[in-house]
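Residues per chain are reported as follows:
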Amino acid sequence: MWKVLRDLLRHNRGFAIGVALLSFVLAIALLSFVSPYSPLDSYVVPPDLPPCWPYVLGTTSRGQDVFWTLTFAIRNTLLFGFLVALLSRLLSLTIGLVAGYAGGVVDRALMSLNDTFIVIPLFPILVLFYFVMRDRMSWVSLALVMACLGWAYDARLIRSVAMSLRTREFTETGIFSGMSMPRILVEEHLPYVLPIVFSTTMNNINWSIGLEVTLSVLGFTDINTPTIGVMIYWANQHTALVAGIWWWIAFPVLLVVITFIGLFLLAVSMNEFIDPRGRLGRGAP
Amino acid sequence: MGMHPGTPGQPGHSRNQRDELREPRPATAAIDAPVVDVTNLRAWYVTRQFGVQREVRAVDDVSLQVRRNEIYGLAGESSCGKSTLIKTIAGAVRPPLEVLGGSVLFDFHGEHLDLYRSPPAARAAIRWKHLSYVMQGSMSVLNPVRRVRHSFVDFAYRHIGGSIADFENTVRAHLERLQLRPGVLEAYPHELSGGMRQRVAIALATVCRPELIIADEPTTALDVIVQKGVLGMIREVQRELQSSLLFVTHDMAVHAYLCDRLGVMYAGRLIEEAPTADIFRAPLHPYTRHLIASLPRIGQAARMDALKGAPPNLAAPPAGCRFHPRCPLAMEVCSQQVPPLETLTPGHRVACFAVTPPATPASAPVSVSPTQVSTRAAPPGDSR
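The sections below set out a description of the structure shown in this document. (Residues numbered from 1 in each chain as written. Chains lettered and ligands numbered in written order. Predicted model: local features only at pLDDT ≥ 70, side-chain atom pairs only at ≥ 80, totals over all residues.)

## Things to note about the overall build of chain A
Along the backbone of chain A there are 13 helices and zero strands. In terms of its C-alpha atoms, chain A occupies a principal-axis envelope of roughly 75 × 50 × 30 Å. Here the analysis covers contacts within chain A between residues at least 6 apart in sequence; of these, 71% occur between residues at least 24 apart. (Helix = DSSP H or I, 4+ residues; strand = E, 2+ residues; numbered from the N terminus. Contact = placed C-beta atoms within 7 Å.)

## Notes on the interface of chain A and chain B
The interface is formed by 15 residues belonging to chain A together with 20 residues belonging to chain B. For the side of chain A that touches chain B, the leading source of residues is helix 8 (residues 169-176) of chain A, giving six residues. Here the residues of the side of chain A that touches chain B sort into six nonpolar, four polar and five charged. (Nonpolar A, V, L, I, M, F, W, Y, C, P; charged D, E, K, R; others polar.)

## Regarding the nonpolar core
Formed by 92 residues in total, the largest nonpolar core has its most connected members in Ile89(B), Val134(B), Ala201(B), Leu204(B), Ile214(B), Leu246(B) and Phe247(B). Formed by 63 residues, the second largest nonpolar core is a distinct cluster that contains Trp151(A), Leu165(A), Ile228(A) and Ile232(A). (Core = buried A, V, L, I, M, F, W, Y, C linked by C-beta atoms within 7 Å. Buried ≥ 20, exposed ≤ 12 C-beta atoms within 10 Å, placed from the backbone.)

## Points about the packing of helix 4 (residues 104-119) of chain A against helix 7 (residues 152-166) of chain A
All names here are of chain A. With their axes 8 Å apart at the nearest point, helix 4 and helix 7 run at an angle of 140 degrees to one another. Classified by the interaxial angle, the pair formed by helix 4 and helix 7 is oblique. Along this stretch, helix 4 crosses helix 7, giving a crossing that reads as left-handed. Between helix 4 and helix 7, the residues in contact are Asn114, Phe117 and Ile118 and Ala152, Tyr153, Ala155 and Arg156, respectively. For the contact of helix 4 with helix 7, the residue count by class is five nonpolar, one polar and one charged. (Axes fitted to C-alpha atoms, helices over the stretch in contact; angles between N-to-C directions. Parallel < 35°, antiparallel > 145°, perpendicular 65-115°, else oblique. Left-handed = near helix turned anticlockwise from the far one by under 90°.)

## Describing the pairing of strand 4 (residues 97-108) of chain B
Residue and element names in this part refer to chain B. By the bridge criterion, eight bridges tie strand 1 (residues 36-49) to strand 4 in an arrangement that is antiparallel. Residue pairing in the sheet places Ala43 in a bridge with Val99 of strand 4. With four bridges joining them, strand 4 and strand 5 (residues 111-114) adopt antiparallel strand pairing. The partner of Phe108 across the bridge, within strand 5, is Glu111. (Pairing = 2+ DSSP bridges.)

## A closer look at the environment of Pro195(A)
Residue and element names in this part refer to chain A. If you trace the backbone, Pro195 turns up in helix 9 (residues 181-217). For Pro195, a count of 16 C-beta atoms within 10 Å corresponds to the partly exposed category. Taking the C-alpha atoms as reference points, Pro195 and Thr77, separated by 118 residues in sequence, lie 24 Å from one another.

## Quick word on the sheet that holds strand 5 of chain B
Residues and elements named next belong to chain B. Strand order in this open sheet of four strands is 2-1-4-5, and the pairing throughout is antiparallel. Bordering the open sheet on either side are strand 2 (52-66) and strand 5, each of which pairs with just one other strand. Neighbour-to-neighbour, the strand axes of this sheet turn through a mean angle of 15 degrees, independent of strand direction.

## Here we look at unusual backbone geometry
Each neighbour pair has its own omega, and for Trp53(A) with Pro54(A) the value is 0 degrees, a cis peptide bond. Omega for the peptide link from Pro95(B) to Pro96(B) comes to 10 degrees, which places this bond in the cis form. Here the phi dihedral of Phe50(B) falls at roughly 50 degrees; this positive angle occurs in a residue that is not glycine. Assignment of secondary structure puts Phe50(B) in the loop between strand 1 and strand 2.

## Concerning helix 3 (residues 66-102) of chain A
Across its 37 residues, helix 3 of chain A extends 53 Å between first and last C-alpha, which sits within 8% of the 54 Å expected from 1.5 Å per residue. Most of helix 3 of chain A is tucked away: 27 of the 37 residues are buried. (Expected span 1.5 Å × (residues − 1).)

Next comes the structure, spelled out in structure tokens:
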């Protein structure tokens with residue numbers, strides 16, 4: 001495992017850049033733990049200052065330090081992305097593997113559920129969800145809803161692989177040897193689909209962060225928890241661009257773009273690693 | 001029926017003498033009882049869709065026995081039901097395959113089991129321990145993303161039990177016995193060559209020292225040199241464990257090399273069964289005769305005749321003898337009645353009205369005696 005990582009870092013520029021960008025973003029998120037200000041307090045610093053020492057990224061019209069607010073925002077945004085990805089991976093793995101392996105009625109039932117989730121329009125559902133929940137809407141409940149909406153494509157992908165795995169001899173041998181279905185799925189099929197899952201995880205994080213930012217910018221989320229989207233929302237509320245407070249919007253956008261690029265590069269280089277031809281050139285792992 | 005002691009001329013006879021160092025098997029009255037006794041087995045692929053039932057009669061009314069310490073070969077062309085038959089014997093039956101009749105009786109040293117009248121737990125309990133199955137395409141029995149060691153643990157550990165360390169020692173000892181480096185355990189399957197993977201698959205199937213090994217075309221994907229090595233290893237394992245082997249391939253040369261007795265299948269039925277040497281020397285069924293005559297011989301210059309037609313569609317097999325549309329000796333009765341598998345000489349069974357005329361001739365068939373038959377189609381220089 002470590003050898004694979006080392007080789008990827010050494011020979012795959014995309015992977016190296018992706019790791020560097022994400023480490024940078026992660027470092028900023030970790031800085032939130034040493035922040036001198038609470039993210040919810042306002043007017044703790046002079047408002048509307050351009051980037052200058054000690055306010056390196058300037059201050060907002062609400063009297064908050066952009067840099068330290070950004071550390072909280074990116075931490076929450078990343079956590080949100082990871083939580084959605086983790087929950088939706090669990091769903092898509094379970095449903096994809098079971099549907100592909102069991103086939104028949106189970107497959108048909110699970111896949112009609114799956115297709116329902118594929119065809120329903122996401123954005124209106126999320127907006128509707130906000131109008132139903134209103135003040136009870138929290139960061140965690142949004143993550144739960146997004147996880148419930150974000151597994152369907154990947155479950156189909158995993159199911160297609162599982163259907164092929166079911167007919168392979170090692171599965172037949174497992175059945176013949178008396179392995180139970182959960183054991184076959186976990187011990188024989190899961191290692192096979194795991195690289196694919198890693199790659200789709202990156203895409204899923206990107207997707208969920210993007211959607212969260214969109215919803216927050218429009219004010220359809222809990223606007224009291226600082227995230228990248230919520231920062232942009234407040235900047236818009238204070239007409240930051242008209243007032244010339246560009247740093248209030250520019251830095252959150254820049255940071256989230258860096259996150260996107262980092263995750264994208266990781267997903268792409270992961271794809272290259274999964275491709276056995278690419279792996280062959282590097283020698284067996 | 002069919003349970004005579006081996007004659008001295010039989011290829012498998014001398015091998016027993018090499019195992020005198022081993023502890024002798026318990027001398028019970030049932031020492032000559034077959035390991036597996038298949039009676040009138042019928043297994044069809046049945047699909048029901050849109051209210052239409054379709055069935056493919058892949059195994060129809062097959063009876064055979066595999067004795068202790070013998071290698072039984074099952075021959076026949078592709079799609080004649082060989083694989084289905086041994087899947088059914090191994091109990092690896094999954095829809096759409098259904099067992100519609102007959103029985104499979106195992107006798108593992110006094111431990112009797114009627115496969116299709118036993119609870120699934122009892123069926124599962126004999127696997128690996130008493131009965132192992134080297135599947136078709138067994139080169140891919142190993143999970144490509146797991147080390148070989150994991151495949152051993154996943155598939156065989158439950159059947160041995162004990163601690164993992166003990167199990168790994170057993171596996172290592174077994175691999176060494178088969179002259180495989182224990183290092184293969186740490187390899188991924190793609191790092192091994194085809195022949196090596198095949199050997200590992202055989203080692204995996206035999207690690208629990210089963211009494212009956214069922215092998216489905218284990219050497220078909222290999223070139224002849226590697227094939228010979230793998231076949232030698234299979235024989236070695238069989239000798240060493242004193243187990244029985246049910247071996248399936250369409251390759252007659254492999255059968256000649258390996259098997260003690262040979263059963264020939266055509267279109268889902270067993271049509272002839274005899275000691276291997278007898279089948280090659282004096283085949284009786286017209287299909288078997290053409291099969292043997294089709295084998296190229298060294299120095300042969302003449303062009304070989306092909307049998308007309310193709311094997312029947314098993315979804316709609318012809319009535320009577322399934323070979324009769326292609327048979328040069330076909331009589332009227334052949335299209336009306338199914339020829340029973342009759343014992344002609346001890347150990348030699350054949351299902352053909354041309355060889356064993358029907359007991360009550362319905363419409364006075366033209367009787368052809370066996371000697372007449374064999375001189376007509378046996379290859380030159382090979383008549384009895």
